Amino acid sequence: SRNKLQVLPPKVFEGLELERLYLQDNNLIQLHAETFQGHTFRRYSSRCILNISQNRLQALPPKIFDGLELDQLSLQNNNLIQLHAGTFQGLTFRWYCSRCILDMSQNQLQELRAGTFQGLTFGENSILDISQNKLQELHAGAFQNLRFGGGGILDMSQNKLQDLPPKVFDGTGRLEILDLADNELSTLSDDVFYGLWSLRSLRLEGNRLHSLGDRPFSWLESLEELNLEQNQLTELDEDVFISRYELYPGWDYSLKRKLLELNLGGNRLTALPDGLFNGFRSL
């Protein structure tokens with residue numbers, strides 16, 4: 001780290017078995033498809049880290065990390081513009097890792113294509129950080145076959161997202177924190193958060209939301225924190241926080257059952273409908 005490396009030969013680390021490999025703060029512009037071929041990380045290490053942050057990478061070859069088993073992959077502070085669908089194919093995050101991290105923040109990513117994270121599985125309390133990019137578009141299958149263990153965090157704050165495909169987060173497993181703050185979202189489809197049964201915190205502050213559609217939060221039966229501050233909301237429907245499950249007698253999976261914190265400051269609300277907060281138990 002902190003040298004002036006511009007190129008790494010193919011298989012330069014072949015035969016090495018390391019715990020941590022630090023390549024940050026160099027001048028790497030590209031990586032050869034076989035740069036890490038033949039290199040392994042110690043299976044029983046306390047923490048396996050590959051840090052390639054603070055370089056000048058604009059792209060990553062498909063399957064560049066094939067065969068690597070990591071706890072942390074740091075790619076932040078590069079110039080990544082796009083990711084191939086097979087970029088992370090063959091990469092494994094150790095299932096017994098208590099906090100796996102894939103950090104791609106502070107790049108130039110403009111879109112996430114279908115299958116970008118195909119097959120990636122994270123352990124408990126893991127983080128996928130895609131914040132501070134230039135994301136304008138998420139394809140419907142961007143998170144297809146990406147799974148989080150308990151306590152998963154997905155940070156997509158400080159991008160340029162204007163809309164989200166329906167059910168785009170479905171199948172991501174036990175994702176518990178979703179940060180979409182400081183984007184350009186203007187509305188939410190009614191099933192955009194479908195499948196996020198374990199979500200505890202949803203951050204939507206600093207967007208351009210002028211309406212909340214047809215109960216987009218109704219799928220979030222475990223939600224404890226909902227932040228809608230600093231948007232452009234002018235009105236709220238009386239049933240915006242009513243769960244779809246309340247339509248079924250005997251079911252007790254209401255959004256209002258667990259919500260502890262609701263932030264609505266910094267909007268353009270002039271009135272609140274009668275009954276808006278009826279039924280909240282823990283607010």
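Here is a short report on the structure shown in this document. Because the structure is a prediction, the values reported are computed rather than measured.

1. Thoughts on the pattern of salt bridges
Argument step 1. This model, assessed by the stated rule, comprises nine salt bridges.
Argument step 2. Two residues, R113 and E111, come together in a salt bridge whose shortest N-O distance is 3.4 Å.
Argument step 3. Residue classification places R113 among the partly exposed residues on the basis of a relative accessible area of 32%.
Argument step 4. The closest approach of N and O atoms between R208 and E184, which form a salt bridge, is 3.9 Å. Taken together, the positions of R208 in the loop between β14 (201–203) and β15 (225–227) and E184 in the loop between β13 (173–179) and β14 put the pair 24 residues apart, joining distant regions of the chain.
Argument step 5. Salt bridges sharing common partners tie together E176, R200 and E224.

2. So, the packing of aromatic side chains
Argument step 1. Enumeration over the complete set of coordinates arrives at 16 aromatic pairs.
Argument step 2. Consider the rings of F88 and F117, whose centres lie 5.8 Å apart with planes at 10°: the pair is stacked. Placement of F88 in the loop between β6 (72–74) and β7 (92–93) and of F117 in the loop between β9 (111–112) and β10 (127–129) is noted, with a sequence separation of 29 residues between them. Comparing F88 with F117 shows no difference in burial state: the two are buried.

The rules behind these values
Residues numbered from 1 in each chain as written. Predicted model: local features only at pLDDT ≥ 70, side-chain atom pairs only at ≥ 80, totals over all residues. Heavy atoms only, no water. Salt bridge = Lys/Arg side-chain N within 4 Å of Asp/Glu carboxyl O. Buried < 20%, exposed > 50% of the residue type's maximum accessible area, 1.4 Å probe, protein only. Helix = DSSP H or I, 4+ residues; strand = E, 2+ residues; numbered from the N terminus. Phe/Tyr/Trp six-rings, centres within 6.5 Å; stacked < 30°, edge-to-face > 60°.

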